[in-house]
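Next come the chains, spelled out residue by residue.
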Amino acid sequence: IAYVNHDIDDALRYGLLTEDDLPAEEIALLGSTGATRIDTLVHDLVETSERAGEIVQGDEVGEAMLSLRSFMFERVYLGPQVEPQHREAERVVRAIFGRVADDSDRLPPGHGALEERITDYLAGMTDRFALAYAERLAAE
């Protein structure tokens, strides 16, 4: 709920999307701002879950959310404008993996195969941490 709606707001702010690009039917149902969409989605989730006795989203609101998510994958997350960022992310991950594989003392304590430990370590990194860590490794 949160990441898709915050990402929509970010894409609008950075000019990757305009308000007119957003799927009209979904926006009409969920709300025109990120805060409104989150409020609609959370209220629907709570109310529908209470009636159902399990955690579920209502059909109409849930479908609108999934539609927005698909839209974001097509237009933002996997769109051609993000290819340079994908290449940079791959370079950073490969650089960290290679350095840590060469010096496993950089890893936190753990068990298992080295490749698995490195993968787990990388998977737990935020983007910001990974970029800063790769920069520190490159400076050494």
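Residues numbered from 1 in each chain as written. Predicted model: local features only at pLDDT ≥ 70, side-chain atom pairs only at ≥ 80, totals over all residues. Heavy atoms only, no water.

On to the side chain of Asn-5, then. Position of Asn-5 relative to the elements: it lies in helix α1 (residues 2-13). We classify Asn-5 as buried; its relative accessible area is 0%. Once you skip the residues sitting within four places of it in the chain, Asn-5 turns out to touch Gly-34, Arg-37, Ile-38, Leu-41, Met-65 and Leu-68. (Helix = DSSP H or I, 4+ residues; strand = E, 2+ residues; numbered from the N terminus. Buried < 20%, exposed > 50% of the residue type's maximum accessible area, 1.4 Å probe, protein only. Contact = heavy atoms within 4.5 Å.)

To continue, consider the environment of Ala-64. Mapping Ala-64 onto the fold places it in helix α4 (residues 59-77). Between the C-alpha atom of Ala-64 and that of Ala-28, which follows or precedes it by 36 residues, the distance is 9.8 Å. Residue contacts for Ala-64: discarding those within four places in its chain leaves Glu-26, Leu-29 and Leu-30.

Moving on, we come to the side chain of Ser-49. Tracing the chain through its elements places Ser-49 in helix α3 (residues 34-52). From its side chain, Ser-49 meets the backbone oxygen of Leu-45 in a polar contact 2.6 Å long. The contacts of Ser-49, once residues within four sequence positions are left out, are Asp-44, Glu-54, Ile-55 and Val-56. (Polar contact = N/O pair within 3.5 Å; in protein donor to acceptor, adjacent residues only side chain to side chain.)

Before going further, it helps to spend a moment on the nonpolar core. Val-4, Ile-8, Leu-17, Leu-22 and Met-72 are the most contacted members of the largest nonpolar core, which totals 17 residues. Going through the elements one at a time, α1, α2 (24-30) and α4 are the ones with two or more residues in this core. Broken down by element, this core gets its largest block of residues, eight residues, from α4. In this structure, Met-72 is in contact with Val-4, Asp-7, Ile-8, Ala-11, Leu-17 and Tyr-77, ignoring residues within four places of it in sequence. Grouped together as the second largest cluster of nonpolar side chains are twelve residues, Ile-96, Ala-130, Ala-134 and Leu-137 included. (Core = buried A, V, L, I, M, F, W, Y, C linked by side-chain atoms within 4.5 Å.)

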